[in-house]
Amino acid sequence: MEGEFGPDLAAVISVLQTALTPAFLLVAVGSLLNVLTGRLARIVDRSRDLQREYPNTEGIAHERIVRELRIIEKRMRVVGSSILFAVLSAISVCVMIVALFVLGLTNTPAAWVAVALFMLALALLSACLFQFVREIRLATYAIYVPEEYLELPPPPKPTVRTT
């Protein structure tokens, strides 16, 4: 495996191919982070809108705003933790790729290191997805549809034709 100046080209290519597979997980986590940061931005925008409305409301409308602001505060914390888990998962994948290179190029028999890092990355990704589902459930719980929007107009009366 050792050439005159280090590992031979075949060994380097083999390690590159092995390390390329986990890189696809990084792409997936990056896409998920894009979705999560977009959701966080929407939550922050909604919070700002409600905070502007807050001083101008009274009664039931005011209570509705307070309830929604409380849910929004929870949603921000849940999305924040989901983002944290996704970032930690991505870092675990990066460390695993480095470990794969080091183990592959030095011929060190410690495959358990790569396996442990991969399992850690998947566990963190699972925690991220769990928090993502929690946030979606909170978001759907927070939707308020006024009762009058849920009522259908009376059906039209049939017209009778006379010939």
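For the structure, see preceding data.
Computed from a predicted structure; not experimentally measured.

Engineer: Is there a simple way to think about the layout of surface pockets in this case?
Structural biologist: Take a probe with the size of a water molecule and roll it over the atoms, and the empty space left behind shows itself. If you add up the space inside the largest pocket, you get close to 300 Å³. Taken together, Arg39, Arg42, Ile43, Asp45, Arg46, Arg64, Glu68, Arg75, Ala139, Ala142, Ile143 and Tyr144 make up the lining of the largest pocket. At the level of secondary structure, the elements contributing two or more residues to the lining of the largest pocket comprise α1 (9-53), α2 (59-106) and α3 (111-142). Residue classes in the lining of the largest pocket are distributed as 5 nonpolar, no polar and 7 charged. The volume enclosed by the second largest pocket comes to roughly 170 Å³. Arg64, Arg67, Glu68, Ile71, Tyr141, Ala142, Ile143 and Tyr144 together form the lining of the second largest pocket. Among the elements of the structure, α2 and α3 are those that each provide at least two residues to the lining of the second largest pocket. Top element by residues in the lining of the second largest pocket is α2. It accounts for 4 residues. Here the lining of the second largest pocket is composed, by residue class, of 5 nonpolar, no polar and 3 charged.

Engineer: Mind showing me how you'd approach a nonpolar patch on the surface here?
Structural biologist: Taken together, the side chains of Leu84, Val87, Leu88, Ile91 and Val95 make up a nonpolar region of the molecular surface, amounting to roughly 380 Å² of accessible area. With respect to the helices and strands, the residue Val95 is situated in helix α2. Look at Val95 and you get partly exposed, because its relative accessible area is 40%.

Engineer: Would you mind going over the nonpolar core with me for this structure?
Structural biologist: Generally speaking, nonpolar side chains in soluble globular proteins are found buried as a group. Ranked by internal contacts, the top residues of the largest apolar core, which has 26 residues, are Leu25, Val29, Leu36, Ala86, Val93 and Met96. Contributing elements (two or more residues each) for this core: α1, α2 and α3. The element best represented in this core is α2, accounting for 12 residues. Setting aside anything within four residues of it in sequence, one finds Ala86 in contact with Val29, Leu33, Leu36 and Cys128.

Engineer: Can you walk me through the packing of α2 against α3 in this structure?
Structural biologist: For any two helices packed against each other, one specifies the crossing angle of their axes together with the interaxial distance. Axis separation between α2 and α3 bottoms out at 8 Å; the angle between their running directions is 165°. On the basis of the axis angle, α2 is roughly antiparallel to α3. Here the hand of the crossing between α2 and α3 comes out left-handed. Split into classes, the residues belonging to the contact of α2 with α3 amount to 27 nonpolar, 5 polar and 5 charged.

What counts, and where the lines are drawn
Residues numbered from 1 in each chain as written. Predicted model: local features only at pLDDT ≥ 70, side-chain atom pairs only at ≥ 80, totals over all residues. Heavy atoms only, no water. 1 Å grid on protein atoms, 1.4 Å probe; cavity = no way out; pocket = protein on both sides within 12 Å on 5 of 7 lines; lining within 4 Å. Points joined across faces, edges and corners; volume = space filled by probe spheres on them. Helix = DSSP H or I, 4+ residues; strand = E, 2+ residues; numbered from the N terminus. Nonpolar A, V, L, I, M, F, W, Y, C, P; charged D, E, K, R; others polar. Patch = residues over 30% accessible without salt bridge, like charges linked within 9 Å, V, L, I, M, F, W, Y side chains within 5 Å. Areas by Shrake-Rupley, 256 points an atom, 1.4 Å probe, with all protein chains shown as cover. Salt bridge = Lys/Arg side-chain N within 4 Å of Asp/Glu carboxyl O. Buried < 20%, exposed > 50% of the residue type's maximum accessible area, 1.4 Å probe, protein only. Core = buried A, V, L, I, M, F, W, Y, C linked by side-chain atoms within 4.5 Å. Contact = heavy atoms within 4.5 Å. Axes fitted to C-alpha atoms, helices over the stretch in contact; angles between N-to-C directions. Parallel < 35°, antiparallel > 145°, perpendicular 65-115°, else oblique. Left-handed = near helix turned anticlockwise from the far one by under 90°.

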